[in-house]
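# What the coordinates show
What follows is the residue order along each chain.
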Amino acid sequence: MGKQLSMWTQGEDLPLFSGTAQRAAVETFQPAPEVVQETWATCRACKDTGRIGRRFCNCEAGVKAWEAGRGDPVTTDAIALSSGTVAGLIGSNRYPEIKAAQAGLVGWCIDHAGEYQNWQEAWEAYKAAEV
Ligand SMILES: [Zn+2]
């Protein structure tokens, strides 16, 4: 490390500029972004259908399924809420409860599309109705 640093700071010629042609390694470089995307899209909850019963799933497929439908922005936000945010809302870190609460909120948003300015309003109304 120290040796390399001193080479740079002293401004000596790098191999790239030595006049010798570099061997191209470009042909061996094969990025595979599609594979990464497929892995990301796989959802155990909805099997990538985006739906769990009549609800939209809290995953990328669920968001896409919803946006392909009515596209209510409050519902889209509700679907995209993080587990941590929902945990704070319900006062529980238990994942099944988080998923259930979020599914309930998303369903509520779908049933009341256009009635709320944001997901926080929808959550207050959902919580009041559930009690
Ligand atoms: Zn899903």
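Structure first, text after, so check above.
Now for a look at the structure at hand. (Residues numbered from 1 in each chain as written. Predicted model: local features only at pLDDT ≥ 70, side-chain atom pairs only at ≥ 80, totals over all residues.)

## A look at unusual backbone geometry
- Its identity as a non-glycine residue notwithstanding, Lys 47 has a phi of 55 degrees, on the positive side.
- Examined against the element boundaries, Lys 47 turns out to sit in the loop between helix H2 (33-41) and strand S1 (51-52).
- Since 12 C-beta atoms lie within 10 Å of it, Lys 47 is described here as exposed.
- Of note in the backbone geometry, Asp 48 takes a positive phi value of approximately 70 degrees without being a glycine.
- If you trace the backbone, Asp 48 turns up in the loop between H2 and S1.
- Its 17 C-beta neighbours within 10 Å are what place Asp 48 among the partly exposed residues. (Helix = DSSP H or I, 4+ residues; strand = E, 2+ residues; numbered from the N terminus. Buried ≥ 20, exposed ≤ 12 C-beta atoms within 10 Å, placed from the backbone.)

## Thoughts on the nonpolar core
- Core analysis: the largest hydrophobic core is formed by 21 residues, its most contacted members being Val 74, Ala 78, Leu 105, Val 106, Cys 109 and Ala 122.
- Taken together, the elements giving at least two residues each to this core come down to helix H3 (60-68), helix H4 (73-80), helix H6 (95-111) and helix H7 (119-130).
- With 7 residues, H6 is the largest single contributor of residues to this core.
- Excluding its chain neighbours within four sequence positions, the residues that come into contact with Ala 122 are Val 74, Ala 78, Leu 105, Trp 108, Cys 109, His 112 and Tyr 116. (Core = buried A, V, L, I, M, F, W, Y, C linked by C-beta atoms within 7 Å. Contact = placed C-beta atoms within 7 Å.)

## Description of the packing of helix H5 (residues 83-90) against H6
- Close contact between H5 and H6 brings their axes to 9 Å; oriented N to C, the two are set at 90 degrees. If you check the angle between H5 and H6, you find them roughly perpendicular. Residues Ser 83, Val 86, Ala 87, Leu 89 and Ile 90 of H5 form the contact with H6, whose participating residues are Glu 97, Ile 98, Ala 101 and Gln 102.
- For the contact of H5 with H6, the class distribution of residues is 6 nonpolar, 2 polar and 1 charged. (Axes fitted to C-alpha atoms, helices over the stretch in contact; angles between N-to-C directions. Parallel < 35°, antiparallel > 145°, perpendicular 65-115°, else oblique. Nonpolar A, V, L, I, M, F, W, Y, C, P; charged D, E, K, R; others polar.)

## Side note on H6
- The first and last C-alpha atoms of H6 sit 24 Å apart over 17 residues, in line with the 24 Å expected at 1.5 Å per residue.
- Taken together, the buried positions of H6 are occupied by Ile 98, Ala 101, Gln 102, Ala 103, Leu 105, Val 106, Trp 108 and Cys 109.
- The secondary structure elements touched by the buried residues of H6 are S1, strand S2 (55-56), H4, H5 and H7. (Expected span 1.5 Å × (residues − 1).)

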